[in-house]
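Descriptive structure summary
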Amino acid sequence: MNIEKARFNMIEQQIRPWDVLDLDVLDLLMVVKREAFVPEEHKSLAFMDTQIPLPGGECMFTPKMEARILQEIAPKKHEHVLEIGAGSGYMAALLAHKARHVTTVEILPELKAMAQKNLADYGVTNVDVVLGNGAQGWTNPGTKEPYDAIVISGSLPVLPDSFLKQIKVGGRIFAIIGESPVMSAQIITRVSDSAYNTVKIFETDVKPLREALAPSHFVF
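It should be emphasised that the depicted structure is a prediction, and the values quoted were computed from it without experimental measurement. (Residues numbered from 1 in each chain as written. Predicted model: local features only at pLDDT ≥ 70, side-chain atom pairs only at ≥ 80, totals over all residues. Heavy atoms only, no water.)

1. Section: the packing of helix α1 (residues 3-15) against helix α2 (residues 23-31)
- One way to put it is that α1 packs onto α2 with a least axis distance of 10 Å and a crossing angle of 155 degrees. By the angle between their axes, α1 is roughly antiparallel relative to α2. As α1 packs across α2, the resulting crossing turns out to be right-handed. Every residue of α2 that contacts α1 at Glu-4, Arg-7, Ile-11 and Ile-15 is listed here: Leu-26, Leu-29 and Met-30. (Axes fitted to C-alpha atoms, helices over the stretch in contact; angles between N-to-C directions. Helix = DSSP H or I, 4+ residues; strand = E, 2+ residues; numbered from the N terminus. Parallel < 35°, antiparallel > 145°, perpendicular 65-115°, else oblique. Left-handed = near helix turned anticlockwise from the far one by under 90°. Contact = heavy atoms within 4.5 Å.)

2. With respect to the nonpolar core
- Counting 52 residues, the largest nonpolar core has Ile-15, Leu-29, Leu-95, Leu-119, Val-127, Phe-174 and Ile-176 as the members making the most contacts within it.
- If we skip the residues at most four places from it in the chain, Phe-174 touches Ile-69, Ile-73, Ile-150, Val-151, Ile-152, Ala-185, Gln-186, Ile-187, Ile-201 and Phe-202.
- Val-105, Leu-159, Ile-188 and Leu-209 belong to the second-largest nonpolar core, a separate cluster that totals 19 residues. (Core = buried A, V, L, I, M, F, W, Y, C linked by side-chain atoms within 4.5 Å. Buried < 20%, exposed > 50% of the residue type's maximum accessible area, 1.4 Å probe, protein only.)

3. Points about unusual backbone geometry
- For the peptide bond that leads from Ser-180 to Pro-181, omega is 15 degrees, which places it in the cis range.
- For Pro-181, the location among the structural elements is in the loop between β7 (167-179) and β8 (182-190).
- The backbone of Asp-19 sits at a positive phi, close to 65 degrees, despite the residue not being glycine.
- With respect to the helices, strands and loops of the structure, Asp-19 is situated in the loop between α1 and α2.
- The phi torsion at Ala-74 lies on the positive side, around 45 degrees, for a residue other than glycine.
- Structurally, Ala-74 is set in the loop between α3 (63-73) and β3 (80-84).
- Owing to a relative accessible area of 30%, Ala-74 belongs among the partly exposed residues under this scheme.

4. A word on the environment of Asp-193
- Take Asp-193: it is sitting in the loop between β8 and β9 (196-204).
- As a C-alpha pair, Asp-193 and Val-169 span 24 residues in sequence and 6.5 Å in three-dimensional space.

5. Let's talk about the pattern of salt bridges
- Counted according to the given criterion, the structure contains 12 salt bridges.
- Between Glu-35 and Arg-7 there is a salt bridge, with its nearest N and O atoms 2.8 Å apart. Of this pair, Glu-35 sits in the loop between α2 and β1 (52-53) while Arg-7 sits in helix α1; the two residues are 28 residues apart in sequence, bridging distant segments of the chain. Of the two residues, Glu-35 and Arg-7, neither departs from the other in class, the shared state being buried.
- For Glu-79, the salt bridge identified is with Arg-172, shortest N-O distance 2.8 Å. With a gap of 93 residues between them, Glu-79 in the loop between α3 and β3 and Arg-172 in strand β7 connect regions that are remote in the sequence. Side by side, Glu-79 and Arg-172 carry an identical accessibility label, which is buried.
- In the salt-bridge network here, residues are joined through shared partners; they are Glu-4, Arg-7, Lys-33 and Glu-35. (Salt bridge = Lys/Arg side-chain N within 4 Å of Asp/Glu carboxyl O.)

6. Regarding the sheet that holds strand β6 (residues 147-156)
- If you walk across this open sheet you meet the 7 strands as β5-β4-β3-β6-β7-β8-β9, and the pairing is mixed. Because the sheet does not close on itself, it has two edges, and the strands there are β5 (127-131) and β9. Sheet twist, expressed as the average angle between the axes of neighbouring strands with direction ignored, equals 15 degrees.
- Where strand β4 (residues 101-106) and β5 come together, 5 bridges link them in parallel fashion. If you follow Val-102 over to β5, its bridge partner there is Val-127.
- Relative to the sheet, helix α5 (residues 109-121) contacts β4 and β5, its axis offset from that of β5 by approximately 165 degrees. (Pairing = 2+ DSSP bridges.)

Laid out in structure tokens, this is it:
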């Protein structure tokens, strides 16, 4: 397989048609090598429009979704970013190239170890990989909060209020909200101390975060 040709085709045939047109994002997909974060047994899938299996029954998002998240959350060089769900470490690596610092929280020890190793092997030094349950927000002594941006790499039936409190004014949250088969990917921006603006960017169906807060199903 011609890896660079496969990467080029991924960008031109999958990612650009999905409204990812930010040249900085497209360039970054050439710089941060996705195959370095894919499990060895699935390297042949690295550039395909599919979710790639990870240990513990988890999976990587499709390339076009990763790129779209990066474009929509738009991290800046001075910003601190929180990611919930480290997976293989690839999303954290992309965020780290654009932000000042990334804290990524992973509930599964085997994925924490994988993300940590992948990021270290790739020479990414501005990411902390933390073991923990971040499905209802993340507070940890010594972490840099409130955050400028939060990326939730898994779906949630409802967005806990704790996440809203953990971003600065001007801060953004990427979240996939709802239940299968139709979920809404959203960017929530904090516009003042008490006000938030929500924009729905696409519909999808992805696996929920473990330990996610279940909605109340009251019947009146």
